[in-house]
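# Observations on the three-dimensional arrangement
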Amino acid sequence: MKRQFAVIGLGRFGGSVCCALIEQGVEVLAIDQCEAKVNQYRDVVTHAVVADSTDEQALRHLGIRNFEHVIVAIGDNIQASILTTLILDELGVEHITVKAQNDYHEKVLVKIGAERIVHPERDMGARIAHHLMSKNVLDYLEVSDKYSIIEMFAGSKMHAKTLVELNVRASFGCNVMAIKRGAEMIVSPKADQLIQQDDLLIVLGADEDIKRFEQMFD
Ligand code: ADP
């Protein structure tokens, strides 16, 4: 049997989650109280239904409890997002991911059983800012409040040097976890690995160390 996911709220974020899940080959039930939104996704997802997710009976009838993972992608209506999450938790849904609008919203969501909370706008803002600050940084991922991972083009300053010569670990405290070179992937590169200008380095480190590393090799 295919894995089953449900997405509640078909705004830009919820809609894009639906499309990505379908591409991953899973079944998706899409729910929105707005009929126009539901019609927009009818041909994309497995099932699309008009329902108010703050109505416990409506969720019960949809058999929401049987879904492996429910994503609450309700945007501005924080009250509806919180109530929906609470109902899902009470109905016994095992995995609940919720989009948070702000830190207060997140605090409440943690208390009422959301397993995972996402901040798409905030995270995307941080990723784009790193890209804007350094022309070589392609992507940025926060892994905790102190550590992050960046994808960074090697650039001319690194060309034909080894990781030891670049002092990545000794001077910057950063770890190059992998190097993408065209279609090739060099995982856990050795210290004597030579870097080429167009290599894409995947680097893990503390935020301040990553920042120094980005600036040094920009
Ligand atoms: P985004 O910022 O991702 O575009 P929006 O706030 O525009 O998010 O969209 C949220 C969606 O959630 C809207 O389509 C809205 O109709 C839907 N929605 C809001 N409250 C409920 C609810 N109680 N039940 C079902 N859908 C809801």
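Overview of the structure. (Residues numbered from 1 in each chain as written. Predicted model: local features only at pLDDT ≥ 70, side-chain atom pairs only at ≥ 80, totals over all residues. Heavy atoms only, no water.)

### Considering the pairing of strand 10 (residues 184-187)
Every regular strand shows the same layout, with side chains that alternate between the two sheet faces. Sheet topology note: the strand 9 (residues 175-181)/strand 10 ladder contains 4 bridges and is antiparallel. Bridging across to strand 10, Ala178 finds its partner in Val187. Counting the residues that bridge the hairpin from strand 9 to strand 10 gives 2 residues, and of these Gly182 lies at a positive phi of roughly 60°. (Pairing = 2+ DSSP bridges. Helix = DSSP H or I, 4+ residues; strand = E, 2+ residues; numbered from the N terminus.)

### Thoughts on the nonpolar core
One broad trend across soluble globular proteins is that nonpolar side chains are buried collectively. One finds Ile8, Ile31, Leu59, Ile64, Val70, Leu88 and Leu109 to be the most contacted residues of the largest nonpolar core, which totals 23 residues. Sequence-distant contacts of Leu109, that is, excluding residues within four places in its chain, are made with Ser81, Ile82, Thr85, Val98, Ala100, Ala114 and Ile117. By size, the runner-up hydrophobic cluster in this structure holds 20 residues, among which are Val168, Val176, Leu201 and Phe213. (Core = buried A, V, L, I, M, F, W, Y, C linked by side-chain atoms within 4.5 Å. Buried < 20%, exposed > 50% of the residue type's maximum accessible area, 1.4 Å probe, protein only. Contact = heavy atoms within 4.5 Å.)

### A word on the pattern of salt bridges
Across all of its chains, the model carries 8 salt bridges by this definition. Residue Asp209 pairs with Arg212 through a salt bridge whose shortest N-O separation is 3.3 Å. You can see Asp209 and its partner Arg212 sitting in helix 8 (residues 207-216), 3 residues apart, about one turn around the helix. (Salt bridge = Lys/Arg side-chain N within 4 Å of Asp/Glu carboxyl O.)

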